[in-house]
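So you can see what is in the structure, the chains are spelled out below.
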Amino acid sequence: MGISDQNLIQNPVRLRFRMTAGLWLRQLMLFFSVILICQLYDVVHADLAEEQQNHTAKKTDSSSVSNAKKSDERKHPTKQHPQVYVSSSSNFSEVRHSPAFVDKTLFLREWLVRRPKYWFVTAPPGFGKSTLATMAVQFLNASYEIVNGTTKYNDKYETPAYELFRDTNIFEMKEFCDEHFQNHAVIFLDLAPLSTTTQATFKKVEDFNSQDFHKNFKIVIKKMMSYYPSLLHHKKMTNYERKSFERYLAEGIDTPVGPGKIWQSAYFLMQLLRKCVKKNVVVVVDSYDALCIPSMFGETSLVSPTIL
């Protein structure tokens with residue numbers, strides 16, 4: 001054992017510091033490795049898309065003199081045209097009846113039956129996280145109308161959602177579907193607009209309105225509220241709740257504007273749904289990593305410790 005090692009044993013504080021520093025360094029290297037892999041995936045994905053596009057263009061040029069039968073065949077998915085299996089949309093309702101659809105509806109049972117109450121799904125861009133999120137919303141969200149100020153539920157087997165999930169794997173589990181299919185009130189929170197902000201946090205409340213974080217979060221909240229405009233006509237809403245909800249629908253924020261209102265908006269909607277729709281509320285958050293992007297790539301001079 002060397003002299004330096006004996007000093008470490010005699011000074012456990014220095015030993016713990018060295019161990020902590022080493023652990024921190026390994027975590028930092030792992031973090032940057034994940035970022036590098038995601039960026040590499042984006043580059044490879046773009047190169048493949050460009051190659052497929054060029055391949056399609058060459059096939060079109062070379063077959064321009066072909067007969068009408070061959071021209072008609074190109075309209076249908078073939079091994080020579082794999083690009084049709086890559087969906088241009090991440091919305092489940094658009095993917096469902098496209099050649100790109102792969103039945104992953106059993107994810108819903110895995111989530112609601114076997115997983116913990118709070119479940120974070122992580123994967124690189126383009127792996128279908130947003131499609132899973134919209135699938136969960138369309139499967140769980142109850143279909144209803146506000147008639148004479150009261151909630152009237154639609155027959156869930158005569159809704160567009162039923163047509164989406166009919167003949168899928170999850171519909172073979174009748175007991176599960178009877179319990180969960182269109183039997184919840186869902187709050188869908190898509191944080192994607194926050195990825196464009198240049199300021200990860202704000203320095204003081206007085207500057208809150210002038211920073212683009214506030215503007216982008218208003219977009220998020222307005223879209224979240226826009227799924228439930230019919231709640232305005234429910235007789236159980238108080239005048240105060242109705243006025244607040246109208247401001248959320250119109251501007252994406254209630255007054256007075258402040259950082260607390262940003263985070264209270266989802267709770268405000270949750271309380272309304274529980275009171276008016278009378279269903280268990282499920283919160284689905286998409287693009288959760290959008291909150292991290294400004295901190296990693298934003299203007300560091302504008303970042304300060306959060307005061308939320």
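For clarity, every value in this text was computed on a predicted model and none was experimentally measured.

Things to note about the pairing of strand β3 (residues 185-190)
Each regular strand carries side chains that alternate between the two faces of the sheet. Burial analysis of β3 places six of its six residues in the buried class, which makes it a mostly covered element. With burial as the criterion, each face of β3 is covered, one bearing Ala-185, Ile-187 and Leu-189 and the other bearing Val-186, Phe-188 and Asp-190. Sheet topology places β3 next to strand β4 (residues 281-286); six bridges connect them, and they run parallel. What sits directly across from Asp-190, in β4, is Asp-286.

Overview of the packing of aromatic side chains
Inspection of the entire model under this criterion finds 15 aromatic pairs. Aromatic pair Phe-139 and Phe-181: ring centres 5.2 Å apart, planes at 55 degrees, arrangement tilted. Of this pair, Phe-139 sits in helix α6 (residues 129-140) while Phe-181 sits in the loop between α8 (174-180) and β3, placing them 42 residues apart in sequence. Here Phe-139 and Phe-181 have matching classes, each one buried. With centroids separated by 5.4 Å and ring planes inclined at 35 degrees, the aromatic side chains of Tyr-248 and Phe-268 adopt a geometry described as tilted. Note that Tyr-248 is positioned in helix α10 (residues 239-251) and Phe-268 in helix α11 (residues 259-276), a separation of 20 residues in sequence.

Brief notes about the nonpolar core
Residues Phe-139, Phe-165, Leu-231, Phe-245, Leu-269 and Leu-273 are the most contacted members of the largest nonpolar core, which totals 54 residues. Contacts of Phe-139, omitting those with residues within four sequence positions, involve Leu-108, Phe-165, Ile-170, Phe-171, Phe-176, Cys-177, His-180, Phe-181 and Gln-182.

As for the layout of surface pockets
Taken as a whole, the second largest pocket spans an internal volume of roughly 430 Å³. Residue lining of the second largest pocket: 19 residues in total, with Val-137, Gln-138, Asn-141, Ala-142 and Tyr-227 positioned closest to the centre. Of all elements in the fold, only α6, α7 (160-165) and β3 reach the threshold of two or more residues within the lining of the second largest pocket.

Considering unusual backbone geometry
Even without a glycine there, the phi angle at Asn-148 is positive, about 55 degrees. Residue placement: Asn-148 occurs in the loop between β1 (144-147) and β2 (150-153). Look at Asn-148 and you get exposed, because its relative accessible area is 75%.

Focus on the environment of Glu-158
With respect to the helices and strands, Glu-158 occurs in the loop between β2 and α7. Taking the relative accessible area as the measure of exposure, Glu-158 reaches 67% and is therefore exposed. Taking the C-alpha atoms as reference, Glu-158 lies 10.0 Å from Ser-143; in sequence the two are 15 residues apart.

Quick look at the pairing of β1
Judged by which residues are buried, β1 turns out to be one-sided: Tyr-144 and Ile-146 face inward and are buried, whereas Glu-145 and Val-147, on the alternate face, are not. Between β1 and β2, which pair antiparallel in sequence order, lie two residues; one of them, Asn-148, sits at a positive phi of approximately 55 degrees.

Considering α10
Taking 1.5 Å as the rise per residue, α10 with 13 residues should run 18 Å; its terminal C-alpha atoms sit 18 Å apart, in good agreement. Of all the positions in α10, only Glu-241, Ser-244, Phe-245 and Tyr-248 are classed as buried. End-on, the buried residues of α10 take up no more than an arc of 100 degrees, which puts them together on one face. Away from the buried face of α10 by more than 90 degrees, exposed residues Asn-239, Lys-243 and Ala-250 are located. Two residues or fewer after α10 comes Gly-252, characterised by a positive phi angle close to 85 degrees.

Some details on the confidence of the model for the protein chain
Here the protein chain averages 74 in pLDDT, and 59% of its residues register 70 or above. Counted against residues more than four places away or in other chains, residues 12-17, with its pLDDT under 50, gives three contacts. Overall, residues 62-81 carries pLDDT values under 50, and its contacts beyond four positions in sequence, including any with other chains, amount to 10 contacts.

Looking at the packing of helix α9 (residues 212-225) against α10
One way to put it is that α9 packs onto α10 with a least axis distance of 7 Å and a crossing angle of 120 degrees. Comparing their axes, α10 and α9 come out oblique. Between α9 and α10 the crossing geometry is left-handed. Contacts from Lys-218, Ile-221, Lys-222 and Met-225 in α9 reach Phe-245, Tyr-248, Leu-249, Ala-250 and Glu-251 in α10. Among the residues forming the contact of α9 with α10, the class breakdown is six nonpolar, no polar and three charged.

Reading guide: rules and limits
- Residues numbered from 1 in each chain as written.
- Predicted model: local features only at pLDDT ≥ 70, side-chain atom pairs only at ≥ 80, totals over all residues.
- Heavy atoms only, no water.
- Buried < 20%, exposed > 50% of the residue type's maximum accessible area, 1.4 Å probe, protein only.
- Helix = DSSP H or I, 4+ residues; strand = E, 2+ residues; numbered from the N terminus.
- Pairing = 2+ DSSP bridges.
- Phe/Tyr/Trp six-rings, centres within 6.5 Å; stacked < 30°, edge-to-face > 60°.
- Core = buried A, V, L, I, M, F, W, Y, C linked by side-chain atoms within 4.5 Å.
- Contact = heavy atoms within 4.5 Å.
- 1 Å grid on protein atoms, 1.4 Å probe; cavity = no way out; pocket = protein on both sides within 12 Å on 5 of 7 lines; lining within 4 Å.
- Points joined across faces, edges and corners; volume = space filled by probe spheres on them.
- Expected span 1.5 Å × (residues − 1).
- Arc of directions from axis to C-beta.
- pLDDT = per-residue confidence, 0-100.
- Axes fitted to C-alpha atoms, helices over the stretch in contact; angles between N-to-C directions.
- Parallel < 35°, antiparallel > 145°, perpendicular 65-115°, else oblique.
- Left-handed = near helix turned anticlockwise from the far one by under 90°.
- Nonpolar A, V, L, I, M, F, W, Y, C, P; charged D, E, K, R; others polar.

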